[in-house]
Amino acid sequence: KAKEAGRHCYRFFTVELQHAAEQRHEMDLRLRQALNEQQFLLYWQPKISLQDFRVSGFEALIRWQYQSSILTPDKFLHIAEDNGLIQEIGRWVLQQAMREQHALSSAIGHPVQISVNLSPRQFADTTLIADCRRSLQQSGLSPSLLELEITENSLIHDINEATKMLGALKQLGVRVAIDDFGIGHCSLSYLRQLPVNTLKIDRSFVRDLPLDQSNNAIVAAVLAMAANLRLDVVAEGIETSAQQNSLVLGGCQYGQGFLYGRPMPLAQIESWYGEFKQRFQQAASIS
Ligand code: C2E
Ligand code: MG
Ligand code: MG
Ligand code: MG
């Protein structure tokens with residue numbers, strides 16, 4: 001009886017697996033098609049200076065216009081990471097982001113920095129340097145206006161290679177941020193040696209501010225450490241003014257989150273900015 005159940009189980013799994021493999025293959029094809037037919041687009045989320053509510057920059061977040069819906073990266077990027085298409089997609093993001101920077105700056109009225117997320121695979125591949133250099137030349141963008149975001153785990157996978165890569169990026173003059181900081185495995189002694197510019201405090205630590213004691217302590221520790229290492233700090237995922245206020249009190253310089261603006265296409269930036277100024281900059285100049 002048990003044997004029969006086992007066999008049944010086995011059959012069940014092979015059918016499931018085969019189905020999964022077919023779906024996977026289907027997704028590979030669709031992603032390839034998406035790249036060829038330009039179905040990817042960039043959304044932009046503002047990064048705000050918490051001292052004066054100026055817009056300091058925008059982060060590029062990829063979207064896939066798939067049939068009539070807009071897919072977020074959690075639906076497809078892991079597949080691209082597995083099948084290697086992430087390299088080409090990443091090159092496209094880098095180029096497109098630099099192309100749109102000028103229009104972003106025009107909408108805001110001063111030059112804004114742009115941030116681009118890099119996948120672990122992109123960061124591990126030395127062609128990144130040539131790609132960056134070429135895109136910078138083509139766009140004419142000042143390298144200091146480009147920040148690349150990598151996760152801690154991209155760094156610790158091979159710390160020697162990572163250090164070389166960071167050195168080469170620094171030579172190019174582009175900035176580097178550690179994204180989702182605090183949830184990975186980057187030790188403080190590494191952090192001290194690595195030529196990075198910015199820490200982005202992961203959203204999970206911001207979510208329960210200001211009431212949660214342990215998250216308060218973590219954020220305070222990150223801010224103190226960053227100040228010591230002369231790193232900029234961006235808090236991710238600010239949704240309420242209570243969260244914002246506790247971050248400002250702690251000395252956090254920059255913030256991103258739904259409180260200020262959701263990721264949006266370039267065409268919406270100008271009208272968003274009009275509303276943002278009303279809500280935040282007037283309040284700031286009155287007080
Ligand atoms: P991330 O770089 O940490 O980006 C922040 C994510 O948090 C974005 O999700 C953004 O929409 C969301 N977010 C921002 N503010 C808030 C908030 O106040 N509340 C909440 N609940 N969420 C907020 P998104 O756009 O779905 O991107 C998810 C992740 O996908 C990104 O996390 C990044 O790791 C990755 N990603 C996005 N675009 C690219 C890309 O072009 N290349 C690569 N390699 N990865 C990308
Ligand atoms: Mg990011
Ligand atoms: Mg992040
Ligand atoms: Mg994140």
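Looking at an unreviewed UniProt entry, the protein carries the name PAS domain S-box-containing protein/diguanylate cyclase (GGDEF)-like protein, with the source organism given as Permianibacter aggregans.

Student: Could you give me a rundown of the side chain of Ser154, with the residues and numbers involved?
Tutor: Structurally, the position occupied by Ser154 is in helix H6 (residues 152-156). A residue is classified by how much of its surface remains accessible, and Ser154, at 7% relative accessible area, is buried.

Student: Tell me about the pattern of salt bridges, residues and numbers included.
Tutor: Scanning the model with the defined rule gives 12 salt bridges in all. A salt bridge links Lys200 to Glu59; the shortest N-O distance between them is 2.9 Å. In this pair, Lys200 sits in strand E7 (residues 198-201) while Glu59 sits in strand E2 (residues 55-66), placing the two residues 141 residues apart along the sequence. By relative accessible area, which is 1% here, Lys200 ends up buried. Of the charged contacts in the structure, one is a salt bridge between Glu149 and Lys200, with a shortest N-O distance of 2.7 Å. Of the two residues, Glu149 is situated in strand E5 (residues 146-151) and Lys200 in strand E7; the sequence distance between them amounts to 51 residues.

Student: Mind laying out the site of ligand 1, listing which residues take part and the relevant values?
Tutor: Close to ligand 1 lie 23 residues, the nearest being Arg63, Asp179, Arg203, Glu239 and Phe258. Within the side chain of Asp179, an N or O atom sits 2.8 Å from an oxygen atom of ligand 1. Between ligand 1 and Glu236, the relevant distance is 3.0 Å, taken from an oxygen atom to a side-chain nitrogen or oxygen of the residue. Elements that contribute at least two residues to the shell around ligand 1 include exactly E2 and strand E6 (175-181). Among the elements that line the shell around ligand 1, the one with the most residues is E2, at 4 residues.

Student: Explain the coordination of the magnesium ion (ligand 2) to me, using residue names and the numbers behind them.
Tutor: Looking at the magnesium ion (ligand 2), one finds its protein donor set to be Glu59 (OE), Asn117 (OD1), Glu149 (OE) and Asp179 (OD), positioned 2.0 to 2.2 Å from the metal centre. Donor residues for the magnesium ion (ligand 2), ordered by position in the chain, follow E-x57-N-x31-E-x29-D. The distance between the magnesium ion (ligand 2) and the magnesium ion (ligand 3) is 3.9 Å, with Asp179 acting as a donor to both metals. A residue pair is termed long-range when its members are at least 10 positions apart, and Glu59 in strand E2 and Glu149 in strand E5 qualify at 90 residues. Taken individually, Glu59 and Glu149 each receive the classification buried, so the pair is uniform in this respect.

Student: So, the packing of aromatic side chains: which residues are in play, and what are the values?
Tutor: The relation between two aromatic rings is expressed through the spacing of the ring centres and the mutual angle of the planes. With the rule as written, the count across this model stands at 12 aromatic pairs. Taking the centre distance of 5.9 Å and the plane angle of 50° together, the rings of Phe40 and Trp64 count as tilted. Here Trp64 lies in strand E2 and Phe40 lies in strand E1 (residues 40-49), a separation of 24 residues in the sequence. A single burial state applies to Phe40 and to Trp64, both of which are buried. Here Trp272 and Phe276 contribute two aromatic rings whose centre-to-centre distance is 5.0 Å and whose plane-to-plane angle is 25°, an arrangement assigned as stacked.

Student: Describe the environment of Phe258, listing the residues and the values that go with them.
Tutor: As for its position among the elements, Phe258 is in the loop between strand E9 (254-255) and helix H12 (269-286). For Phe258, a relative accessible area of 39% puts it in the partly exposed group. Measuring from C-alpha to C-alpha, the distance between Phe258 and Gln45 comes to 8.9 Å, with 213 residues separating the pair along the chain.

Cut-offs applied
- Per chain, the residues get numbers from 1 upward, laid out in the order the sequence is written.
- Written order decides the labels, with chains lettered from A and ligands numbered from 1.
- Totals for whole chains, interfaces and linings use all residues, but because this is a predicted model, local features are given only for residues with pLDDT of at least 70 and pairs of side-chain atoms are given and counted only at 80 or more.
- Values reported for side chains reflect all heavy atoms of the structure, with hydrogen atoms and water molecules removed beforehand.
- Helix numbers and strand numbers start at the N terminus; a helix is a DSSP run of H or I with at least 4 residues, a strand a run of E with at least 2.
- We call a residue buried when its accessible area falls under 20% of the maximum for its residue type, exposed when it is over 50%, and partly exposed in between, using a 1.4 Å probe and counting protein chains only.
- A pairing counts as a salt bridge when a side-chain nitrogen of Lys or Arg comes within 4 Å of a carboxyl oxygen of Asp or Glu.
- Nearness is defined per residue: one heavy atom within 4 Å of the molecule or strand is enough.
- Contacts described as polar in this section are N or O atom pairs within 3.5 Å, which, within protein, must combine one atom able to donate a hydrogen with one able to accept it, while residues neighboring in sequence count only if both atoms come from side chains.
- The donor set comprises N, O and S atoms within 2.8 Å of the metal, extended to 3.2 Å for Na, K and Ca; water molecules are omitted, so apparent gaps in a site may simply reflect that omission.
- A pair of aromatic rings is counted whenever rings of Phe, Tyr or Trp (Trp by its six-membered ring) have centres within 6.5 Å, and the orientation is called stacked for planes under 30 degrees apart, edge-to-face for over 60 and tilted otherwise.

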